[in-house]
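# Report on the structure
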Amino acid sequence: MADSITLHGRSYALPKLPTVVICVDGFDPEYLTQGISDGIIPTLAQFVQQGFHATANSCMPSFTNPNNVSIITGQPPAIHGIAGNFFLDRETGKEKMIQDDSLLRGSTILEQMSLHGVRVAAITAKDKLRRILAHGLQPSKGDICFSSQRVTSCTLAENGIEGVEDWIGRKAPSQYSGDLSLYVLDVGIKLLEEKRADLLYLTLSDYVQHKHAPGSLEANDFFIALDQRIGQLVARGAVVAVTGDHGMSSKSDNDGKPNILFLEDALAEKWGSKSARVICPITDPFVKHHGALGSFVRVYAKEENHISDMIAFTKSLPQVEQVLDGKAASEVYEMPLDREGDFVVISKKNAVIGSRKDEHDLSTIGDHPLRSHGGLSEQQIPLLLSRPIGNADGAKAKHNYNWRNYDIFDLALNW
């Protein structure tokens, strides 16, 4: 039996100990530094002090789907093909939400581990990710994959498990709660206790981070609970690695109102109605998190000869940090060219970009100041391991390495 797998030119050792990789959705580094400073996350503080810690970058756009798929493939979107939660299919002209693995290119680390006899568990808070994580997994051979969002519909044939509520000892959590994430971690703890998985990928929801800034009571309560559960995973003998899919920033003016550029409306005023279509790749079924407002959009112009003028105009708008044509964007940010827009627009840290005002329901985010992600300002995320890595020379080299969140399986399995 082989002792490693190779995928996309990278090798990963088969786990010698139970290994848990956690993606904390919306894990801005400020939550880590604030929590350590306040003394409320002792497990993660111990990772920083006695294990391994670096500040890494996520891939672009800094959204959930692209980064989770990058994490489980060890590669940027240019390789695996998933560059958003939502996209425009140029061939059909239809807008689609990505909720399965039909657009995935190639295999995943999880699938390859399963094919080599490793028992894999991939548990996600959001069901939109579940069908991608499940790619190639084998429930009939012990693999388990389900979402805490759809706990009640689990079957042995599809998910490798059933009766989860009775098994875990509590009801399915609300889609809009921090408990949606804590449920995932509790499942991971239970699977370790019962020795049902060798390699676990646990990916969470960013509901709390979208609503509450670092240091707030609500954010502190969530990270205290998260830290306690990570400590339980370590106590059960697992090697634990933690990263995030993206950071999180306040997207409001000084008066607390959302700072939004409705770009399709702005382009329509200058070039006419339906002169361009603005696609917001943050769009997903969790609309109360962000109202489909993020810091990265793709623009598709009706007339090709308008593109250069539209780019110049968009660059002049006060909320905008960067505008790149599709080819340049795919090269700079390692995104698949054939799924790119005519141009992409990235907002400044305190702003978000929407399409048309009538397409965004702001009432769903009105209970708290808007916090969101997608841009360059949300690329930084922590990268943590429960144990120190390698020998002294290797550890030193790796501390100076340009870490990406999709190096996490390499970190957990090879170092």
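Here the structure is a predicted model, which is why all the values come from computation and not from measurement. (Residues numbered from 1 in each chain as written. Predicted model: local features only at pLDDT ≥ 70, side-chain atom pairs only at ≥ 80, totals over all residues. Heavy atoms only, no water.)

### Describing the pairing of strand 14 (residues 296–301)
One face of the sheet, then the other: side chains in a regular strand alternate in exactly this way. For strand 14, a buried count of six out of six residues is recorded, marking the element as mostly surrounded by other parts of the structure. Neither face of strand 14 is exposed, since F296, R298 and Y300 on one face and V297, V299 and A301 on the opposite face are all buried. Examined bridge by bridge, strand 13 (residues 276–279) and strand 14 share four bridges and lie antiparallel to one another. Across the sheet, residue V278 finds its bridge partner in strand 14, namely V299. (Buried < 20%, exposed > 50% of the residue type's maximum accessible area, 1.4 Å probe, protein only. Helix = DSSP H or I, 4+ residues; strand = E, 2+ residues; numbered from the N terminus. Pairing = 2+ DSSP bridges.)

### Some points on helix 2 (residues 42–50)
Those residues of helix 2 lying buried are T43, L44, A45 and F47. In this fold, the buried residues of helix 2 make contact with helix 1 (29–38), strand 4 (52–57), helix 11 (217–235), strand 10 (239–244) and strand 19 (380–385). (Contact = heavy atoms within 4.5 Å.)

### Points about the sheet that holds strand 19
Taking strand neighbours across the sheet as the criterion, the seven strands line up as 4-19-10-3-9-7-8 in an open arrangement whose pairing is mixed. Each edge of the sheet is formed by a strand with only one pairing partner; in this case those strands are strand 4 and strand 8 (144–147). When strand polarity is set aside, the average angle formed by the axes of neighbouring strands in this sheet is 10 degrees. When strand 3 (residues 19–24) meets strand 9 (residues 199–203), the two strands line up parallel, connected through five bridges. Within strand 9, the position partnered with V20 by the bridge is L200. The sheet strands contacting helix 1 are strand 4 and strand 19, and the helix crosses strand 19 at an angle near 55 degrees. (Axes fitted to C-alpha atoms, helices over the stretch in contact; angles between N-to-C directions.)

### Structural notes on the pattern of salt bridges
Using the criterion set out here, one finds 24 salt bridges in the structure. For the salt bridge of R356 with D358, the shortest nitrogen-to-oxygen distance reads 3.3 Å. (Salt bridge = Lys/Arg side-chain N within 4 Å of Asp/Glu carboxyl O.)

### A word on empty space enclosed by the protein
In total, this model carries three cavities of 30 Å³ or more according to the counting rule given. Size it by volume and the largest cavity reaches roughly 60 Å³. What lines the largest cavity is simply G81, I82, A83, G84, F87, I98, L103, R298 and R339. Its residues assigned to classes, the lining of the largest cavity shows five nonpolar, two polar and two charged. Put simply, the second largest cavity is a space of about 40 Å³. (1 Å grid on protein atoms, 1.4 Å probe; cavity = no way out; pocket = protein on both sides within 12 Å on 5 of 7 lines; lining within 4 Å. Points joined across faces, edges and corners; volume = space filled by probe spheres on them. Nonpolar A, V, L, I, M, F, W, Y, C, P; charged D, E, K, R; others polar.)

### Remarks on the packing of aromatic side chains
Applying the stated criterion across every chain yields a total of nine aromatic pairs. Where Y401 meets W403, the ring centres are 5.0 Å apart and the plane angle is 85 degrees; that geometry is what we call edge-to-face. The exposure class assigned to W403 is buried, which follows from its relative accessible area of 2%. Directly above the ring of W271 sits K270, whose terminal nitrogen or CZ lies 5.8 Å from the centroid. (Phe/Tyr/Trp six-rings, centres within 6.5 Å; stacked < 30°, edge-to-face > 60°. Lys NZ or Arg CZ within 6 Å of the ring centre and 35° of its normal.)

### Overview of helix 11
If you check helix 11, its first and last C-alpha atoms are 27 Å apart, about what 19 residues at 1.5 Å a residue would give, namely 27 Å. Listing the buried residues of helix 11 in full gives A219, N220, F222, F223, A225, L226, D227, R229, I230 and L233. Downstream of helix 11 by a residue or two, G237 has a phi angle that is positive, lying close to 90 degrees. (Expected span 1.5 Å × (residues − 1).)

### Observations concerning the domain arrangement of the protein
Under the domain assignment, the protein is made up of domain 1 (4–248 + 376–414) and domain 2 (260–372). Computed over C-alpha atoms, the centres of domain 1 and domain 2 are 28 Å apart. Of the roughly 3,500 Å² buried at the junction of domain 1 and domain 2 (both faces included), carbon and sulfur atoms supply 57%. If you look at where domain 1 meets domain 2, you find two salt bridges. E334 serves as the salt-bridge partner of R404, at 3.7 Å between the closest nitrogen and oxygen. Summed over the shared surface of domain 1 and domain 2, the result is eight residue pairs in polar contact (both at pLDDT 80 or more). (Domains from an automatic or database assignment. Buried area = accessible area lost by both parts, 1.4 Å probe. Polar contact = N/O pair within 3.5 Å; in protein donor to acceptor, adjacent residues only side chain to side chain.)

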